Amino acid sequence: VYSVKFSDPKDFFGSSELRKYEKDRVSFLVNRFKQYDNLFAWEPMNEMNYLGKPHGKNAEEVTMEWFDDLAKHIKSIDKEHLVTGSLWGGEIWDSLFRHPLNNVVQIHTYDETENSTRIAKNIRMYIQELKRYKKPIIVGEFASKERNPQRKEFVESAIKAAQGAGSSAWLYAS
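Quick caveat, the model's predicted, so the values are computed rather than measured.

A. Geometry of the packing of aromatic side chains. All chains considered together, the criterion is met by seven aromatic pairs. Three or more aromatic residues joined by ring pairs make a cluster, and in this case those are F12, F13 and W66. Above the plane of the ring of F33 lies R32, whose end atom (NZ or CZ) is 4.9 Å from the centre.

B. Local environment of the packing of helix α2 (residues 16–33) against helix α4 (residues 59–77). Where α2 meets α4, the axes come as close as 10 Å, and the angle between the chain directions of the two elements is 35 degrees. The interaxial crossing formed by α2 with α4 has right-handed handedness. For the pair formed by α2 and α4, the contact residues are R19, E22, K23, V26, S27, V30 and N31 on the first element and E65, W66, D69, L70, H73, I74 and I77 on the second. Across the contact of α2 with α4, the residue classes break down as six nonpolar, three polar and five charged.

C. Region of interest: the sheet that holds strand β3 (residues 104–108). Here five strands make up an open sheet; going across it, the order is β1-β2-β3-β4-β5 and the pairing parallel. Of all strands in the sheet, those with a lone pairing partner are β1 (41–42) and β5 (168–169), marking the two edges. Across four bridges, β3 lies against strand β4 (residues 137–141) in parallel orientation. Bridge pairing in β4 links Q106 to I138. The sheet contacts of helix α6 (residues 116–130) involve β3 and β4, and relative to β4 the element is tilted by about 140 degrees.

D. Examining the environment of N103 more closely. In this fold, N103 is placed in the loop between α5 (94–97) and β3. Each C-alpha atom, one on N103 and one on H81, is 9.4 Å from the other, the two residues being 22 residues apart in sequence. Not counting residues within four places of it along the chain, the set of residues in contact with N103 comprises K75, L82, V83, K135 and P136.

E. How the structure looks around the pattern of salt bridges. The final tally for this structure, using the stated rule, is 11 salt bridges. Between D24 and K20 there is a salt bridge, and its shortest N-O distance comes to 2.7 Å. Pair noted here: D24 and K20 are both in helix α2, with a separation of four residues, about one helical turn. By relative accessible area, which is 40% here, D24 ends up partly exposed. Here E22 makes a salt bridge to R25, at a shortest N to O gap of 2.9 Å. On the criterion of helical spacing, the pair formed by E22 and R25 is a turn pair, its members being three residues apart in helix α2.

Definitions and limits used
- Residues numbered from 1 in each chain as written.
- Predicted model: local features only at pLDDT ≥ 70, side-chain atom pairs only at ≥ 80, totals over all residues.
- Heavy atoms only, no water.
- Phe/Tyr/Trp six-rings, centres within 6.5 Å; stacked < 30°, edge-to-face > 60°.
- Lys NZ or Arg CZ within 6 Å of the ring centre and 35° of its normal.
- Axes fitted to C-alpha atoms, helices over the stretch in contact; angles between N-to-C directions.
- Helix = DSSP H or I, 4+ residues; strand = E, 2+ residues; numbered from the N terminus.
- Left-handed = near helix turned anticlockwise from the far one by under 90°.
- Contact = heavy atoms within 4.5 Å.
- Nonpolar A, V, L, I, M, F, W, Y, C, P; charged D, E, K, R; others polar.
- Pairing = 2+ DSSP bridges.
- Salt bridge = Lys/Arg side-chain N within 4 Å of Asp/Glu carboxyl O.
- Buried < 20%, exposed > 50% of the residue type's maximum accessible area, 1.4 Å probe, protein only.

What follows is the structure, encoded as structure tokens:
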């Protein structure tokens, strides 16, 4: 998909040719790895709201139609593993988190990258808000600034906040 030329970013969700290429790519990956017990979940796209931005006020609707199609495609190949979708920047879409094929509510937050007290507070707030979906919650990505002198405390504080609120968190380290 990523090597196919298209003139407008909107084509990614709207082009039937690109959709076919994406399903072929997903089919290859799911068939290749579905037998692995250590695979947690399939994520059709990382931070869907970011790629959906060119669609403006229709971003959620267009993106979710794509997610629905790809999630059904994945489940037609692999009925055993979970499916999840993620959003960037602490954004919350009811349509994604309530979607019947989205098994895990996943949030990515980069709204705080320095202060360990604030990141812990933010993560606890997100988890409290997301509990209404009655699905497992993962803070899929968060990060401290690379040169943060309190980086170790920041990471520990974030992970402990997630665990204390009944969730899990993974660190994105670049």
